[in-house]
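Report on the structure
Listed below, chain by chain, are the residues.
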Amino acid sequence: QPPPGRDSVHPQMWRRLLRARIPLSFSPRRAPVTATSWTLVVRFIRTMPRLMTDTGKLLDELTDKFSEARMEIADALDSKETVYFNEDAKIALEVTGEALEVYEDILQSVDAERKKQIQTEWGMRIEQLKQEAKLLEDADDH
(Lines give C-alpha, C1' and ligand atoms only; values in the text may rest on other atoms or scores of the structure.)
Protein backbone atom coordinates (compact mmCIF):
# COMPACT_ATOMS: atom_id res chain seq x y z
CA GLN A 1 0.00 0.00 0.00
CA PRO A 2 1.56 3.34 -1.02
CA PRO A 3 1.96 6.00 1.66
CA PRO A 4 -0.20 9.12 1.68
CA GLY A 5 1.18 11.84 -0.53
CA ARG A 6 3.27 9.52 -2.66
CA ASP A 7 1.49 10.56 -5.85
CA SER A 8 3.02 14.03 -5.66
CA VAL A 9 6.62 12.75 -5.39
CA HIS A 10 8.71 11.55 -8.30
CA PRO A 11 9.14 7.74 -8.17
CA GLN A 12 12.92 7.99 -8.48
CA MET A 13 13.01 10.14 -5.35
CA TRP A 14 11.16 7.42 -3.43
CA ARG A 15 13.62 4.77 -4.56
CA ARG A 16 16.59 6.92 -3.54
CA LEU A 17 15.13 7.69 -0.12
CA LEU A 18 14.31 4.06 0.57
CA ARG A 19 17.78 2.93 -0.45
CA ALA A 20 19.49 5.64 1.59
CA ARG A 21 18.69 4.24 5.06
CA ILE A 22 19.06 7.62 6.77
CA PRO A 23 20.65 7.31 10.25
CA LEU A 24 18.53 8.95 12.95
CA SER A 25 20.56 8.35 16.09
CA PHE A 26 23.83 6.87 17.18
CA SER A 27 24.53 5.16 20.47
CA PRO A 28 27.65 3.28 21.53
CA ARG A 29 25.45 0.56 23.04
CA ARG A 30 23.33 -0.19 19.99
CA ALA A 31 23.33 0.01 16.22
CA PRO A 32 22.08 3.17 14.51
CA VAL A 33 18.33 3.47 14.12
CA THR A 34 17.46 3.97 10.45
CA ALA A 35 14.50 5.63 8.79
CA THR A 36 12.90 3.20 6.39
CA SER A 37 9.29 3.73 7.37
CA TRP A 38 6.99 5.52 4.97
CA THR A 39 5.93 7.93 7.68
CA LEU A 40 9.38 9.45 8.09
CA VAL A 41 9.97 9.62 4.35
CA VAL A 42 6.64 11.36 3.77
CA ARG A 43 7.30 13.82 6.62
CA PHE A 44 10.72 14.64 5.17
CA ILE A 45 9.35 15.20 1.67
CA ARG A 46 6.45 17.34 2.89
CA THR A 47 8.77 19.51 4.97
CA MET A 48 11.36 20.29 2.30
CA PRO A 49 9.20 22.43 -0.04
CA ARG A 50 8.06 24.57 2.92
CA LEU A 51 11.66 25.33 3.81
CA MET A 52 12.43 26.43 0.27
CA THR A 53 9.60 28.98 0.02
CA ASP A 54 9.90 32.64 0.87
CA THR A 55 7.58 32.13 3.84
CA GLY A 56 9.78 29.29 5.09
CA LYS A 57 12.84 31.52 4.84
CA LEU A 58 11.03 34.30 6.68
CA LEU A 59 9.94 31.86 9.40
CA ASP A 60 13.56 30.74 9.78
CA GLU A 61 14.58 34.39 10.04
CA LEU A 62 11.84 34.98 12.62
CA THR A 63 13.07 32.04 14.67
CA ASP A 64 16.60 33.47 14.66
CA LYS A 65 15.47 37.03 15.46
CA PHE A 66 13.13 35.80 18.19
CA SER A 67 15.90 33.80 19.87
CA GLU A 68 18.33 36.69 19.57
CA ALA A 69 15.78 39.13 21.01
CA ARG A 70 15.03 36.88 24.00
CA MET A 71 18.75 36.49 24.67
CA GLU A 72 19.39 40.24 24.43
CA ILE A 73 16.48 41.01 26.74
CA ALA A 74 17.77 38.50 29.29
CA ASP A 75 21.25 40.03 29.07
CA ALA A 76 19.84 43.52 29.50
CA LEU A 77 17.77 42.52 32.53
CA ASP A 78 20.85 40.85 34.02
CA SER A 79 22.77 44.11 33.63
CA LYS A 80 20.06 46.10 35.41
CA GLU A 81 21.48 48.66 37.83
CA THR A 82 24.87 48.61 36.12
CA VAL A 83 26.49 51.09 33.77
CA TYR A 84 25.88 48.70 30.86
CA PHE A 85 22.10 48.59 31.20
CA ASN A 86 21.17 51.48 28.89
CA GLU A 87 23.26 50.16 26.02
CA ASP A 88 22.07 46.57 26.54
CA ALA A 89 18.44 47.71 26.70
CA LYS A 90 18.82 49.74 23.50
CA ILE A 91 20.26 46.73 21.64
CA ALA A 92 17.57 44.40 23.02
CA LEU A 93 14.76 46.73 21.97
CA GLU A 94 16.22 47.13 18.47
CA VAL A 95 16.47 43.36 17.97
CA THR A 96 12.96 42.92 19.37
CA GLY A 97 11.67 45.49 16.89
CA GLU A 98 13.35 43.60 14.05
CA ALA A 99 11.71 40.34 15.15
CA LEU A 100 8.29 42.01 15.32
CA GLU A 101 8.80 43.49 11.84
CA VAL A 102 9.63 40.06 10.39
CA TYR A 103 6.51 38.63 12.06
CA GLU A 104 4.33 41.36 10.57
CA ASP A 105 5.93 40.87 7.13
CA ILE A 106 5.12 37.17 7.29
CA LEU A 107 1.50 37.82 8.25
CA GLN A 108 1.08 40.28 5.39
CA SER A 109 2.62 37.94 2.80
CA VAL A 110 0.42 34.86 3.35
CA ASP A 111 -3.22 33.97 2.71
CA ALA A 112 -5.83 33.98 5.48
CA GLU A 113 -5.60 30.25 6.25
CA ARG A 114 -1.80 30.25 6.56
CA LYS A 115 -1.96 33.52 8.52
CA LYS A 116 -4.23 31.88 11.09
CA GLN A 117 -1.89 28.91 11.34
CA ILE A 118 1.15 31.15 11.86
CA GLN A 119 -0.71 33.23 14.45
CA THR A 120 -1.59 30.03 16.29
CA GLU A 121 2.03 28.87 16.23
CA TRP A 122 3.68 32.20 17.00
CA GLY A 123 1.05 34.40 18.64
CA MET A 124 1.79 33.54 22.26
CA ARG A 125 5.56 33.72 21.74
CA ILE A 126 5.28 37.13 20.10
CA GLU A 127 3.07 38.39 22.93
CA GLN A 128 5.61 37.06 25.43
CA LEU A 129 8.37 38.91 23.56
CA LYS A 130 6.34 42.13 23.63
CA GLN A 131 5.75 41.78 27.39
CA GLU A 132 9.44 41.15 28.04
CA ALA A 133 10.32 44.23 26.00
CA LYS A 134 7.76 46.22 28.02
CA LEU A 135 9.42 45.01 31.24
CA LEU A 136 12.71 46.25 29.85
CA GLU A 137 11.24 49.63 28.95
CA ASP A 138 9.67 49.91 32.43
CA ALA A 139 13.00 49.06 34.04
CA ASP A 140 14.64 51.72 31.87
CA ASP A 141 12.21 54.35 33.15
CA HIS A 142 13.11 53.70 36.79
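Residue numbering note: each chain is counted from 1, following its sequence as written. Local features in this predicted model are restricted to residues whose pLDDT is 70 or higher, and side-chain atom pairs enter the listing and the counts only when it is 80 or higher, whereas totals over whole chains, interfaces and linings include all residues. In computing side-chain properties, one takes all heavy atoms of the structure into account and sets aside hydrogens as well as water.

1. A word on the confidence of the model for the chain
On a range of 0 to 100, pLDDT expresses the predictor's confidence in each residue. Residues with a pLDDT of 70 or more make up 61% of the chain, whose mean pLDDT is 77. Strands are runs of DSSP state E lasting at least two residues, helices are runs of H or I lasting at least four, and both sets are numbered from the N terminus onward. When the elements of the chain are averaged for pLDDT, strand 2 (residues 30-35) gives the smallest value, 48, and helix 4 (residues 85-109) the largest, 93. In this model, residues 24-28 is a region of pLDDT below 50 whose contacts with residues beyond four sequence positions or in other chains number six contacts. The contact criterion used throughout is that any non-hydrogen atoms of two residues lie within 4.5 Å. Within the model, the stretch residues 31-35 combines pLDDT values under 50 with twelve contacts to residues more than four positions away or in other chains.

2. Focus: a negative patch on the surface
A patch consists of residues exposed above 30% relative accessible area that lack any salt bridge, with like charges linked at up to 9 Å and nonpolar side chains (Val, Leu, Ile, Met, Phe, Trp, Tyr) linked at up to 5 Å. Each accessible area is a Shrake-Rupley result for a 1.4 Å probe, and residues are judged covered by the shown protein chains and nothing else. Put simply, a salt bridge is a Lys or Arg side-chain nitrogen that is within 4 Å of an Asp or Glu carboxyl oxygen. Neither His nor the chain ends contribute to the count of charged residues, in which Lys and Arg are positive and Asp and Glu negative. Charge positions come from single atoms, namely NZ of Lys, CZ of Arg, CG of Asp or CD of Glu. Where like charges cluster on the molecular surface, the negative patch consists of D60, E61, D64, E68, E101, E104 and D105. Going through the elements one at a time, helix 3 (54-78) and helix 4 are the ones with two or more residues in the negative patch. Residue contributions to the negative patch peak at four residues, all from helix 3. Exposure classes here rest on a 1.4 Å probe applied to the protein chains alone. A residue is buried below 20% of its type maximum, exposed above 50%, and partly exposed in between. By relative accessible area, D105 is classed as partly exposed at 42%.

3. Points about the packing of helix 3 against helix 4
Here an angle of 0 to 180 degrees is reported between the N-to-C directions of two axes, which are lines fitted to C-alpha atoms, with helices fitted over the stretch in contact. Two elements in contact, helix 3 and helix 4, have axes separated by 8 Å at closest approach and are oriented at 160°. Comparing the axis directions of helix 3 and helix 4 gives the class roughly antiparallel. Crossing handedness for the pair helix 3 and helix 4: left-handed. Residue type decides the class: Asp, Glu, Lys and Arg count as charged, Ala, Val, Leu, Ile, Met, Phe, Trp, Tyr, Cys and Pro as nonpolar, and the leftover types, Gly among them, as polar. Its residues assigned to classes, the contact of helix 3 with helix 4 shows 16 nonpolar, three polar and seven charged. Between 65 and 115 degrees an angle is taken as roughly perpendicular, under 35 as roughly parallel, over 145 as roughly antiparallel, and anywhere else as oblique. The crossing is said to be left-handed when, going from far helix to near helix, the turn is anticlockwise and less than a right angle, and right-handed when the turn is clockwise.

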